[in-house]
Amino acid sequence: ISSNFIHSRDKTCRKCFVINLIRNESERAVAVGTVGSGWSVCVRAHGSVVKSEDYALPSYVDRRDYPLPDVAHVKNLSASQKALKQKEKASWSSLSIDEKVELHDLKFKESFAEMSRCQTVVGAATFFIGFTALLTWEKRCVYGPIPHTFEEEWVAKQTRRMLDVKVAPIQGFSAKRDYDKNKWKT
């Protein structure tokens, strides 16, 4: 671990403790470190400093596979919303349907039905496009060209040869042929 500090015009970057310093050919430096008690990332390229978001803190997400987010959608409540949150602590039978919907909207941005509209359509379309691409790739690259034995001329010659040799004359292929009239039996 290196104990170097990044020196920049920005005062917050001087407090960064460098854990990893990487230099590339263009002399741009990337430094990862801590600021105070929380984790952060500082990137110095061409003299400017950019700080990323702190991903260690809980955040709100609307996902079907993660139904209860860590924090509520609305973080700063108004006076009427605070009164509604106090009313929520009492019996829910005293709440109207509109108040229940408003409480839901404070906690969640979208319902399950709203979340799945676009995602279902895009997901299904992406799946079918990918499956079609896979089949096209398989046909072109894996199988190669169709053998000459599938051509109509070859199949006609093969059928004629099988009839001449009388393949399976009792119940098979040749049994369905009338050799006297030179036609298929109906």
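Heads up: the structure comes first, above all this text.
The sections below set out a description of the structure shown in this document. Given the structure is predicted, the values throughout are model-derived calculations rather than measurements. (Residues numbered from 1 in each chain as written. Predicted model: local features only at pLDDT ≥ 70, side-chain atom pairs only at ≥ 80, totals over all residues. Heavy atoms only, no water.)

## Re the overall build of the chain
From N to C terminus, the chain includes four helices and six strands. Split into buried and exposed, the 186 residues of the chain put 15% on the buried side. Considering only contacts in the chain between residues 6 or more positions apart, those separated by 24 or more positions represent 26%. Put simply, the chain shows about 15,200 Å² of open surface, and 59% of that area lies on carbon and sulfur atoms. (Helix = DSSP H or I, 4+ residues; strand = E, 2+ residues; numbered from the N terminus. Buried < 20%, exposed > 50% of the residue type's maximum accessible area, 1.4 Å probe, protein only. Contact = heavy atoms within 4.5 Å. Areas by Shrake-Rupley, 256 points an atom, 1.4 Å probe, with all protein chains shown as cover.)

## As for the packing of aromatic side chains
What the rule picks out here adds up to three aromatic pairs. Where F127 meets F128, the ring centres are 5.3 Å apart and the plane angle is 75 degrees; that geometry is what we call edge-to-face. F128 carries the same exposure label as F127, and that label is exposed. Residues F173 and W184 carry aromatic rings whose centres are separated by 5.6 Å and whose planes lie at 75 degrees to one another, so their mutual orientation is edge-to-face. Taken together, the residues span a long stretch of sequence, with F173 in the loop between α4 (152–165) and β5 (177–178) and W184 in strand β6 (residues 183–184) at a distance of eleven residues. With a relative accessible area of 42%, W184 lands in the partly exposed category. Feature note: the residues F127, F128 and F131 constitute an aromatic cluster, connected by ring pairs. Across from the ring centre of Y179, 4.9 Å away, lies the NZ or CZ of K166, which sits over that ring. The ring of W184 is capped by R177, whose NZ or CZ atom sits 5.0 Å from the centre of that ring. (Phe/Tyr/Trp six-rings, centres within 6.5 Å; stacked < 30°, edge-to-face > 60°. Lys NZ or Arg CZ within 6 Å of the ring centre and 35° of its normal.)

## Details of the pattern of salt bridges
Tallying each qualifying case throughout the model produces five salt bridges. K85 serves as the salt-bridge partner of E88, at 3.3 Å between the closest nitrogen and oxygen. On the criterion of helical spacing, the pair formed by E88 and K85 is a turn pair, its members being three residues apart in helix α1 (residues 79–88). Accessibility expressed as a relative area gives 22% for E88, which makes it partly exposed. (Salt bridge = Lys/Arg side-chain N within 4 Å of Asp/Glu carboxyl O.)

## Some thoughts on unusual backbone geometry
The residue K166 is not glycine, and still its phi comes out positive at about 60 degrees. Along the chain, K166 turns up in the loop between α4 and β5. Although it is not a glycine, N182 adopts a positive phi angle of roughly 60 degrees. Position of N182 among the secondary structure elements: in the loop between β5 and β6. Classification of N182 by relative accessible area gives partly exposed; the value is 46%.

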